[in-house]
Amino acid sequence: MLEPLRQGLPPLDPAAVSNAASCALPARYEAVREARQFTRRTLDQWDIGDRFDDICLVVSELVTNALRHGLPTSNGHAPEQIPPVRLHLMRWTERLVCAVRDPSHDSPVARDSDDFSAESGRGLFLVDSFADSWGWHPLAGTLNGKVVWALFRLPSAE
């Protein structure tokens, strides 16, 4: 089905970022709601709130996956000393990248499922369906874990 992309962000000049925002999220499932609220405020400030539905769905899935699979416990809670999940939003003129960092080194894996009524297991399928591209890469240096990102093309201002 879907093969996760083990690569860095698409070739975008970091110096050309026009806006960037990030927030630390607690290691509990309520953080998904906090991530949606942060995304709504940020996109409204950047005047791209009309893309909120698609972007919010992808952010929700990325944060849920980070909490469910990226923390050392399976119940969405982690000890306080574990670094929190972090959401980054970066905007270039015609692109937006949503990136979620978690402490796990495990690659994201899309599950094959023919059961379309299942309540879980379709997160990366949704990310692949709504984002223009997505991928992940391990963190290097003093940072542990990985970043899973999704890219959205934005309409030109003209």
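Our structure is the block above this text.
Values in this document were obtained by computation on a predicted structure and should not be read as measured data.

Calculation rules
- Residues numbered from 1 in each chain as written.
- Predicted model: local features only at pLDDT ≥ 70, side-chain atom pairs only at ≥ 80, totals over all residues.
- Heavy atoms only, no water.
- Buried < 20%, exposed > 50% of the residue type's maximum accessible area, 1.4 Å probe, protein only.
- Helix = DSSP H or I, 4+ residues; strand = E, 2+ residues; numbered from the N terminus.
- Pairing = 2+ DSSP bridges.
- Core = buried A, V, L, I, M, F, W, Y, C linked by side-chain atoms within 4.5 Å.
- Contact = heavy atoms within 4.5 Å.
- Salt bridge = Lys/Arg side-chain N within 4 Å of Asp/Glu carboxyl O.
- Axes fitted to C-alpha atoms, helices over the stretch in contact; angles between N-to-C directions.
- Left-handed = near helix turned anticlockwise from the far one by under 90°.
- Nonpolar A, V, L, I, M, F, W, Y, C, P; charged D, E, K, R; others polar.
- Polar contact = N/O pair within 3.5 Å; in protein donor to acceptor, adjacent residues only side chain to side chain.

Enquirer: Any chance you could break down the pairing of strand β2 (residues 85–92) for me, citing the residues and the numbers?
Expert: Two faces make up the sheet, and in a regular strand the side chains alternate between them. Across the eight residues of β2, six count as buried, placing the element largely inside the fold. With seven bridges joining them, strand β1 (residues 19–25) and β2 adopt antiparallel strand pairing. Looking at the pairing, L25 lines up with V85 of β2. In the sheet, β2 pairs with strand β3 (residues 95–102) via seven bridges, with the strands oriented antiparallel. What sits directly across from H88, in β3, is A99. Adjacent in sequence and paired antiparallel, β2 and β3 are bridged by two residues.

Enquirer: Mind laying out the nonpolar core, listing which residues take part and the relevant values?
Expert: Residues L25, V59, V63, L87, L96, A150 and F152 are the most contacted members of the largest nonpolar core, which totals 34 residues. Secondary structure elements with two or more residues in this core: β1, α1 (31–45), α2 (52–69), β2, β3, α3 (123–130), β4 (133–138) and β5 (146–153). With nine residues, the single largest contributor to this core is α2. Setting aside its immediate chain neighbours within four residues, F152 contacts R51, D54, I55, V58, E94, R95, L96, C98, F130, A131 and D132. Counting residues in each nonpolar core, the second largest holds eight residues, with M90, W92, A99 and V147 among its members.

Enquirer: Lay out the pattern of salt bridges with the relevant residues and their values.
Expert: Evaluation of the coordinates by the stated rule reveals five salt bridges. Across the pair D102 and K146 runs a salt bridge, and its minimum N-O distance is 3.0 Å. Taken together, the residues span a long stretch of sequence, with D102 in strand β3 and K146 in strand β5 at a distance of 44 residues. Each member of the pair D102 and K146 is classed as buried.

Enquirer: Run through the packing of α1 against α2, naming residues and quoting values.
Expert: Two elements in contact, α1 and α2, have axes whose closest approach is 9 Å; the angle formed by their N-to-C orientations is 145°. Crossing of α1 over α2 shows right-handed handedness. Two secondary-structure elements touch here, α1 through A31, V32, A35, R36, T39, R40 and L43 and α2 through F52, I55, C56, V59, S60, V63, T64 and L67. A class-by-class count of the residues in the contact of α1 with α2 yields ten nonpolar, three polar and two charged.

Enquirer: Explain the side chain of D102 residue by residue, including any values.
Expert: The class of D102 is buried, set by a relative accessible area of 4%. For D102, the side chain forms a polar contact with the side chain of K146, separated by 3.0 Å. Setting aside residues up to four positions removed in sequence, D102 forms contacts with A66, G70, V85, N144, G145 and K146.

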